[in-house]
Amino acid sequence: MLEELAKIREEALKKLEKVQSEAELTELNVNILGRNGALTGILRGMASLAADERAKLGKEANIVKQELASMFEGAKARMEERAEELRIRAETIDVTLPGVTDIPFGKLSPLTVVYRQIRDALIGLGFTTFEGPEVEYDDYNFTKLNLPLNHPARDMQDTFYVNDRVLLRTHTSPCEARALMTLEPPFRVVIPGRVFRVDEPDASHSPVFMQMEGLVVDKHLTFADLKGTIDTFVKAVFGENVRSRLRPSYFPFTEPSAEVDISCTICGGKGCSSCKGTGWMEIMGCGMTNPHEIENCGLDPHEWNAFAFGVGVDRVACLKYGINDIRLLYEGDARFLRQL
Ligand code: DAH
């Protein structure tokens, strides 16, 4: 039986060397040390032996059993280690591989682009930004701007009223009043914001659109200061070759008032169907702030004078990008934005 024991040991060691997988190792373990394993068979068979032989064989068998058990254990640990290593290697990310390159990026709305260009040009002239509420008092939207109740020019703008005194602002001009009443003159502010008018949406109308107001308060300002300011941001948005001109007009909050035209962005001023043959396109209103407005807002019009302008950002964006339907600016259609 000692011989048999030696044979079992030898064979087990030989097989152990060839084992490839954990499953094979487990099988080998069971076949030798398991309940019906070869070595277990020997230990069981010892019952029939004489006492001294039993002691000798028992001792020997236990040594072999322990030796094999620890060999199995070692092999198992090595195998697990290798499996872990393979797993980690398989999970390694190769950061040098080229990435996914066709991620669709978002784009800025043309309104944002134009707003920033105008704002930045004005900041370059010493302006700061100023903002006011979209839900506004009638008093600021109209009365303080020299449009008292029953003034016919109130009908120039169709107003969403919240109640008798409160409305959705129809322009950014009420912020002129707020700036005049809160800021220490002299100052220069640019006031962006959404404005609202009762209008059926179509290619050139939207009940919500975007304006920017400019207001400069100082002593001895002239029409030339106004013209220079406007020309600076017109060139910043449309390029150095675009010219601007002022045309007499009327606004209650300015005196004198003017309409600003720019040389046609399509034909360059020669005259085409887009500018109706005139070579010019209207973009905004402006003027020297009416002394009544300055007084209504608590400043002395003999001490301070001012000029102001109000530009439709939508209109400028449409002209700049050749967009023929204002609604496209508000629909957020990615296919439209990607073309710009
Ligand atoms: N508030 C005018 C509008 O919405 C635009 C405007 C014209 C603003 C002349 C001004 C200005 O500040 O001086 O039509």
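Refer to the structure printed above.
Residues numbered from 1 in each chain as written. Predicted model: local features only at pLDDT ≥ 70, side-chain atom pairs only at ≥ 80, totals over all residues. Heavy atoms only, no water.

Chemist: When you look at the packing of aromatic side chains in this model, what are you seeing that I'm missing?
Modeler: Within a pair of aromatic rings, the relevant descriptors are the distance that separates the centres and the angle that separates the planes. As enumerated under the stated definition, the model contains 3 aromatic pairs in all. Relative to Tyr140, the ring of Tyr137 lies with its centre 6.1 Å away and its plane at 35 degrees, an arrangement referred to as tilted. A residue is classified by how much of its surface remains accessible, and Tyr137, at 37% relative accessible area, is partly exposed. Judged by centre distance (5.8 Å) and plane angle (20 degrees), the rings of Phe251 and Phe253 are stacked. The exposure classification of Phe251 matches that of Phe253, with both residues buried. (Phe/Tyr/Trp six-rings, centres within 6.5 Å; stacked < 30°, edge-to-face > 60°. Buried < 20%, exposed > 50% of the residue type's maximum accessible area, 1.4 Å probe, protein only.)

Chemist: I would appreciate a short explanation of the site of the ligand in the present structure.
Modeler: Taken together, the neighbourhood of the ligand is formed by 16 residues, with His171, Glu176, Arg197, Gln211 and Glu213 sitting nearest. Ser173 is positioned such that a nitrogen or oxygen atom in its side chain is 3.0 Å from a nitrogen atom of the ligand. Gln211 places a side-chain nitrogen or oxygen 2.9 Å from an oxygen atom of the ligand. Its free accessible area being 350 Å², the ligand has 91% of it covered by the protein chains. When contributions to the shell around the ligand are tallied by element, the ones reaching two or more residues are strand 5 (208-218), strand 8 (280-289) and strand 9 (305-312). Its residues placed into classes, the shell around the ligand shows 5 nonpolar, 8 polar and 3 charged. (Near = heavy atom within 4 Å. Polar contact = N/O pair within 3.5 Å; in protein donor to acceptor, adjacent residues only side chain to side chain. Areas by Shrake-Rupley, 256 points an atom, 1.4 Å probe, with all protein chains shown as cover. Helix = DSSP H or I, 4+ residues; strand = E, 2+ residues; numbered from the N terminus. Nonpolar A, V, L, I, M, F, W, Y, C, P; charged D, E, K, R; others polar.)

Chemist: Help me understand a nonpolar patch on the surface, please; the structure alone is not making it clear to me.
Modeler: Together, Val100, Ile103 and Phe105 make up an exposed nonpolar region whose accessible area comes to about 380 Å². Residue placement: Ile103 occurs in the loop between helix 4 (51-91) and helix 5 (110-123). The exposure class assigned to Ile103 is exposed, which follows from its relative accessible area of 52%. (Patch = residues over 30% accessible without salt bridge, like charges linked within 9 Å, V, L, I, M, F, W, Y side chains within 5 Å. Salt bridge = Lys/Arg side-chain N within 4 Å of Asp/Glu carboxyl O.)

Chemist: How do you make sense of the pattern of salt bridges when you look at a structure like this?
Modeler: Where charged atoms of side chains with opposite charge meet at close range, the side chains can pair. Throughout the structure, instances matching the rule amount to 16 salt bridges. The salt bridge involving Glu67 is made with Arg9; its shortest N-O contact spans 2.6 Å. Within this pair, whereas Glu67 is found in helix 4, its partner Arg9 is found in helix 1 (residues 2-18), the two being separated by 58 residues in sequence. We note a salt bridge from Asp120 to Arg119, for which the minimum N-O separation is 3.0 Å. Members of the salt-bridge network, linked through shared partners, are Arg245, Arg247, Asp261 and Glu282.

Chemist: Mind showing me how you'd approach the sheet that holds strand 9 here?
Modeler: Strands in a sheet are paired, the pairing made by backbone hydrogen bonds, and the direction either parallel or antiparallel. The sheet built from 7 strands is open, its strands ordered 1-4-5-9-8-7-6 with mixed pairing. Two strands lie at the open edges of the sheet, namely strand 1 (128-129) and strand 6 (244-251), each paired on one side alone. The pairing of strand 5 with strand 9 spans 8 bridges and is classified as antiparallel. Within the sheet, the bridge partner assigned to Glu213 lies in strand 9 and is Gly310. Across the sheet, helix 5 is in contact with strand 1, strand 4 (187-196), strand 5 and strand 9; its angle to strand 5 comes to roughly 5 degrees. The strands touched by helix 10 (residues 313-321) within the sheet are strand 5, strand 7 (254-263), strand 8 and strand 9, with strand 9 carrying the most contacts at an inclination of about 55 degrees. (Pairing = 2+ DSSP bridges. Contact = heavy atoms within 4.5 Å. Axes fitted to C-alpha atoms, helices over the stretch in contact; angles between N-to-C directions.)

Chemist: Help me understand the pairing of strand 5 in this model?
Modeler: Each regular strand carries side chains that alternate between the two faces of the sheet. Where burial is concerned, most of strand 5 is hidden: 9 out of the 11 residues are buried. Across 10 bridges, strand 4 lies against strand 5 in antiparallel orientation. Note on strand 5: the bridge partner recorded for Val195 is Phe209.

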